[in-house]
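Inside the fold
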Amino acid sequence: FVKKLNANIAELEDPQEVHKPRFELQKKLPDGSTRRAYDDELAAADMQTKLKQAAEQVSFCKKPEEKIEWAHEQRQEGNKLYSAGAYKEAMDVYLSCLVAKPEGAEYETLYSTEIVLPVLNNLAQASLQLGMYRKAETFCTIAIDEIIKQE
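Structural notes, computed from the coordinates. (Residues numbered from 1 in each chain as written. Predicted model: local features only at pLDDT ≥ 70, side-chain atom pairs only at ≥ 80, totals over all residues. Heavy atoms only, no water.)

**Considering the overall build of the chain**
The following threshold applies: A run of DSSP states H or I qualifies as a helix once it reaches four residues; a run of E qualifies as a strand once it reaches two. Both are numbered from the N-terminal end. Relative accessibility decides the category of a residue: with a 1.4 Å probe and only protein chains considered, values under 20% of the type maximum give buried, values over 50% give exposed, and everything between is partly exposed. Residue contacts follow a heavy-atom distance rule, with two residues in contact if any of their heavy atoms lie within 4.5 Å. Every accessible area reported is derived by Shrake-Rupley at a probe size of 1.4 Å, with residue values counting cover from the shown protein chains alone.
Of the regular secondary structure elements, the chain holds seven helices and two strands. Counting only residues that meet the buried cut, the chain has 27% of its 151 residues in that class. Residue pairs at least 24 apart in sequence account for 51% of intrachain contacts in the chain once pairs closer than 6 positions are excluded. Of the roughly 11000 Å² that the chain leaves accessible, carbon and sulfur atoms contribute 55%.

As structure tokens, then:
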């Protein structure tokens with residue numbers, strides 16, 4: 001019976017899939033046990049990884065102007081995704097723009113007006129497209145706070 005069962009299982013499996021490594025993200029609980037990570041935890045881990053990669057990329061920009069240019073380029077990529085209807089992916093790219101903050105007070109206003117405010121607007125728009133109304137409201141509130149800070 002066991003041999004027959006194993007043979008039936010083997011017939012159902014793709015021979016190439018059997019030998020591929022499998023990966024599953026686990027969450028460690030306070031008691032030391034683990035469980036499979038939920039989708040929202042996977043998304044958060046994925047976003048943290050993306051932001052870390054973006055920070056590594058922007059670290060190669062030595063001048064503040066280069067960081068601002070990098071953020072502009074990223075925003076344009078996000079705009080392309082948004083135009084194609086890939087709103088979630090566009091949000092990921094827009095968020096990566098925010099890691100490019102240049103050092104120095106003299107760049108703070110430029111960074112805010114050229115990068116932060118347009119990106120927050122883009123994030124709010126993408127959130128609306130996805131039906132994430134509270135998130136859109138949050139992005140708008142942050143933008144208003146940023147404007148008030150500049151005055």
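**A look at the nonpolar core**
Here is the rule we go by: Put simply, a nonpolar core is a bunch of buried Ala, Val, Leu, Ile, Met, Phe, Trp, Tyr and Cys residues held in one set by side-chain atoms that sit within 4.5 Å of each other.
Counting 23 residues, the largest nonpolar core has Trp 70, Ala 71, Ile 115, Val 119, Leu 120, Leu 123 and Phe 139 as its most contacted members. At the level of elements, helix H3 (39-58), helix H4 (64-83), helix H5 (87-97), helix H6 (108-129) and helix H7 (133-150) are the ones that each hand at least two residues to this core. Here this core gets nine residues from one element, more than from any other, and that element is H6. Once residues within four sequence positions are removed from consideration, Trp 70 is found in contact with Ala 54, Gln 57, Val 58, Cys 61, Ser 96, Cys 97, Val 99 and Ala 100.

**Here's the deal with the packing of H4 against H6**
Axis angle and axis distance: for two packed helices, these are the angle between their axes and the distance between the axes, and together they describe the pair. Quick note on the threshold: Lines fitted to C-alpha atoms define the axes, with helix axes restricted to the stretch in contact, and inter-axis angles between N-to-C directions lie between 0 and 180 degrees. In these notes the angle categories are as follows: under 35 degrees is roughly parallel, over 145 is roughly antiparallel, 65 to 115 is roughly perpendicular, and the rest is oblique. Less than a right angle of anticlockwise turn of the near helix away from the far helix marks a crossing as left-handed, whereas a clockwise turn marks it as right-handed. Classification convention: Asp, Glu, Lys, Arg as charged; Ala, Val, Leu, Ile, Met, Phe, Trp, Tyr, Cys, Pro as nonpolar; all other residues, Gly among them, as polar.
Direction vectors running N to C along H4 and H6 enclose 20°, while the axes themselves pass 11 Å from each other. Judged by the inter-axis angle, H4 sits roughly parallel to H6. Note that H4 runs across H6; the crossing there is left-handed. Between H4 and H6, the residues in contact are Ile 68, Ala 71, His 72, Arg 75, Asn 79 and Tyr 82 and Leu 110, Tyr 111, Glu 114, Ile 115, Pro 118, Val 119, Asn 122, Gln 125, Ala 126 and Gln 129, respectively. Considering only residue class, the contact of H4 with H6 consists of nine nonpolar, five polar and two charged.

**Regarding the pattern of salt bridges**
To be explicit about the condition: The rule for a salt bridge is simple: a side-chain nitrogen of Lys or Arg has to be within 4 Å of a carboxyl oxygen of Asp or Glu.
Counted according to the given criterion, the structure contains three salt bridges. The salt bridge involving Lys 88 is made with Asp 92; its shortest N-O contact spans 3.0 Å. Remark: Asp 92 and Lys 88 occur in helix H5; sequence separation between them is four residues, near one turn of the helix. Relative accessible area serves as the criterion here: at 43%, Lys 88 is assigned to the partly exposed category. With a shortest N-O distance of 3.5 Å, Glu 146 and Lys 149 are connected by a salt bridge. Separated by three residues within a single helix, Glu 146 and Lys 149 lie in helix H7, roughly one turn from each other. By relative accessible area, Lys 149 is classed as exposed at 54%.

**Observations concerning the side chain of Ser 127**
By the secondary structure assignment, Ser 127 is in helix H6. What makes Ser 127 buried here is its relative accessible area of 0%. Beyond its immediate chain neighbours, meaning those up to four positions away, Ser 127 contacts Met 91, Met 132, Lys 135, Ala 136 and Phe 139.

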